[in-house]
Amino acid sequence: MTKYLPFLVLYILFGLVACSDDDTPTADPNDLTTIAYTPEAYTVALPAEFPPLEIPTDNPLTKEGVQLGRRLFYDPILSADSTMSCASCHQLEVGFADPLPTSVGIDGIAGTRSGMSLLNIAYSLNGLNWDGKIASLEEQALEPVTNEIELHESWPNVIEKLKRHTDYPSRFRKAFGIENKSEITKELAAKAIAQFERIILTGANSKYDRVLRGEAFFTDEELNGFDMFFDISPELPDAECGHCHNGALLSTNEYFNNGIDNAPTLDDFIDKGRGEITGIPFDNGRFRATTLRNIEFTAPYMHDGRFQTLEEVVDHYNSGGKYAPNLDPLILPLGMTDSQKQDLVAFLKTFSDTSYQENPDLQNPFE
Amino acid sequence: MKKLLYLLPLSLFFLSSSCGDDEGPVTGTTTNLNITFKAVYDGQPLVFGESLTYTDGTAFNISKLQFFMSNANLISPNEADPNTPLETELSEVKLVDFSSANATAAGATEGVTITYTRIPTGEYNAFKFGLGVIPEYNDDVPADYSSSHPLGAPSNYWEVWESYIFVKLEGRTDTTGNGEFDQSLLYHTGTNALFQEGLNFSKAMTLVEDNEANMTIELDVKEILAPTGGTPINIINDGFSHTNPEIDGQVALSTTVMQNFKNAFTLVD
């Protein structure tokens, strides 16, 4: 046995050297550790009247995360045929909403709901989408990729495309500190998209805000609209708007039946909305109240995009809505004249503020 | 922002410390206390959307019921000064919202439970709270709080009054008897003048370490609308109030609602 000992030692030595070579980071094409991981916190410039942002502790905002999310948001790589991205149905120019009544996916099939505005979506803590089906932005970002009438792709395919990409692996490394391409996951992609969506904020520079700060004045028409919106003047009808659309965000994010469908019984709603999620019949026909910030640009309106103009929306509310047993008690005939309806629309347009579009962090990085 | 900015961190600190029930420098033995509120109508579980019959025969339903509870304290005897009972603070401001619980019959039977943790053990003889938001916090605005905080929800604030909405009672009435709930029923009350202090519920309790204590309080909506021995509110003609001082009768109506609301609670267990 002893005569073989030197060979054994040599064999082990060669073996160790060989193993050592295999573990050398540079030898692994998927290794990312040569790229520095030094994430910087992303500071959000919140409008002064906005409440503090609530950010999940496991997904803090970083510059690298936001930029990765921005790219994923605008990149058609998430769709099966590379023709559509998140931005296809959430367009910067129209308040990150969809100008179509109901969103159309890569196969040309229309869904049943309108793409909601993502403005100030970080504050939607009472459920996302029109019906509150999804609790967090991180969860929500996973859904459109696999939705058959949206991006119609599979996450394993997306992950493979991202791993093969010349740029994304490095960005995942910089954003999340992964050490190997194999660590790219749909959850990390969703976290990045959620980070980007949390910085889609607007609110400081609308005429409404400037008037509240004493920097501008409403026209007579806008002032009438303001008084009706918030029920300030007994001389004018109460338009009842401010109950569901108030505070700095101009939204309560609660669920209401705002009377757009006639339903003699609670089972008669074509789209059951919130009720589909909770299973509670009294929630049927209820949908989330959206923000009115930039409402001028987010047409068409309602969950199915049935109203093309703000005038149609105001006409609807002025009518008192259509009957259902759970019609919200704040939906009632308002008695506004044609002139008063125009005043209300004029006021609604004071919520417009397109300055967010100038934020380079929100713009399409591929243009 | 009505308050100076430097007050914000202070108020947030005090509110979070008082409402975060398991925080604070509690020493000695402690236990948990569950306080359950059950919304009923004429003693029966109130299920939102179900048709109810009012005292005058009008059919109506309720779709929302909530109230702010302030200065929730446990009372205990003070041997040193029997005229000045001791108070143990449970919370400063809480929102009791029946929206989820009373959406179903099962939930309505269960009620809404608030669990206070780390309550010092010992003898207590009452629970008390105020109805509404105490003026100290009613001067704040939702933007002063995080969105998930009860005082951070813009839906619970009415800018015209510069006040939180102390109670919400909403539903619809069938004014013609044809089976359609054709008219709104809505009471939103607020402003400091309507804050109701001193809701007291006597109950002798001995809190023992690691032995949860329970208390159940019913809120009977019939007592809000048609109090026993009092004058029923006409829910058709007086079925709507935002407590708008510019509209005749709304403040008086909301005052009645708040006083009735205060008296509509009963300790049942």
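Conventions we followed
- Residues numbered from 1 in each chain as written.
- Chains lettered and ligands numbered in written order.
- Predicted model: local features only at pLDDT ≥ 70, side-chain atom pairs only at ≥ 80, totals over all residues.
- Heavy atoms only, no water.
- Helix = DSSP H or I, 4+ residues; strand = E, 2+ residues; numbered from the N terminus.
- Expected span 1.5 Å × (residues − 1).
- Buried < 20%, exposed > 50% of the residue type's maximum accessible area, 1.4 Å probe, protein only.
- Contact = heavy atoms within 4.5 Å.
- Lys, Arg positive; Asp, Glu negative; His and termini not counted.
- Salt bridge = Lys/Arg side-chain N within 4 Å of Asp/Glu carboxyl O.
- Polar contact = N/O pair within 3.5 Å; in protein donor to acceptor, adjacent residues only side chain to side chain.
- Buried area = accessible area lost by both parts, 1.4 Å probe.
- Nonpolar A, V, L, I, M, F, W, Y, C, P; charged D, E, K, R; others polar.
- Phe/Tyr/Trp six-rings, centres within 6.5 Å; stacked < 30°, edge-to-face > 60°.
- 1 Å grid on protein atoms, 1.4 Å probe; cavity = no way out; pocket = protein on both sides within 12 Å on 5 of 7 lines; lining within 4 Å.
- Points joined across faces, edges and corners; volume = space filled by probe spheres on them.

Caption draft 1: Here's a closer look at helix 8 (residues 186–198) of chain A. Residue and element names in this part refer to chain A. The terminal C-alpha atoms of helix 8, which comprises 13 residues, lie 18 Å apart, in line with the 18 Å expected from a rise of 1.5 Å per residue. Of all 13 residues that make up helix 8, ten are buried, and the element is covered over most of its length. Taken together, the buried positions of helix 8 are occupied by L188, A189, A190, A192, I193, A194, Q195, F196, E197 and R198. Against helix 2 (63–74), helix 4 (137–140), helix 6 (155–164) and helix 7 (168–176) lie the buried residues of helix 8.

Caption draft 2: The arrangement of the side chain of R70 of chain A in detail. All names here are of chain A. Structurally, R70 can be placed in helix 2. For the buried residue R70, which engages in no salt bridge, the nearest side chain bearing the opposite charge is D361, 4.9 Å off. A polar side-chain atom of R70 sits 2.8 Å from a polar atom in the side chain of Q67. Within polar-contact distance, the side chain of R70 engages the backbone oxygen of P360 at 3.2 Å. Leaving out residues up to four positions away in the same chain, R70 has contacts with F196, P360, D361, Q363, N364 and P365.

Caption draft 3: Focus on the interface of chain B and chain A. Listed by partner, the interface residues are 36 residues for chain B and 34 residues for chain A. For the pairing of chain B and chain A, the buried interface totals around 2,700 Å² over both sides, and the portion due to carbon and sulfur atoms is 58%. The tally of links from chain B across to chain A stands at zero salt bridges. Our count for the chain B to chain A interface comes out at 13 residue pairs in polar contact (both at pLDDT 80 or more). If you list the elements that add at least two residues to the side of chain B that touches chain A, you get strand 4 (59–76), strand 8 (157–158), strand 9 (163–174) and strand 10 (183–190) of chain B. A breakdown of the residues in the side of chain B that touches chain A according to their chemical character gives 15 nonpolar, 14 polar and seven charged.

Caption draft 4: Main features of the packing of aromatic side chains. Under the defined criterion, the tally for this structure stands at 37 aromatic pairs over all chains. Aromatic pair Y74 of chain A and F196 of chain A: ring centres 6.1 Å apart, planes at 70 degrees, arrangement edge-to-face. With Y74 of chain A in helix 2 and F196 of chain A in helix 8, this pair connects stretches of sequence that are 122 residues apart. The pair Y74 of chain A / F196 of chain A is uniform in exposure class, with both members buried. Among the aromatic residues, ring-to-ring pairing joins F37, F67, F98, F127, F129, F201, F261 and F265 of chain B into one connected group.

Caption draft 5: Molecular detail of the layout of surface pockets. Taken as a whole, the largest pocket holds about 1,000 Å³ of empty space. Forming the boundary of the largest pocket are 45 residues, of which N126 and E254 of chain A together with K64, D97 and S99 of chain B lie nearest the centre. For the lining of the largest pocket, the elements supplying multiple residues, two or more each, are strand 1 (255–256) and helix 11 (274–278) of chain A together with strand 4, strand 5 (86–97), strand 8 and strand 9 of chain B. Across the lining of the largest pocket, the residue classes tally to 18 nonpolar, 18 polar and nine charged. Of the pockets and cavities examined, the second largest pocket occupies roughly 880 Å³. Around the second largest pocket, the lining comprises 40 residues; the ones closest to its centre are N129, Q140, E143, N147 and E150 of chain A.

Caption draft 6: View of the pattern of salt bridges. All names here are of chain A. A complete count under the given rule lists 18 salt bridges over all chains for this structure. For E153, the salt bridge is made with K161, and the minimal N-O distance between the two is 2.8 Å. Of the two residues examined, E153 and K161, each falls in the buried class. With its nearest N and O atoms 3.6 Å apart, the salt bridge here joins E160 to K163. Here E160 and its partner K163 are both found in helix 6, three residues apart, which amounts to about one turn of the helix. Using a relative accessible area of 37% as the deciding quantity, one classes E160 as partly exposed. Salt bridges here are not isolated pairs; linked through shared partners, they connect R71, D167 and R171.

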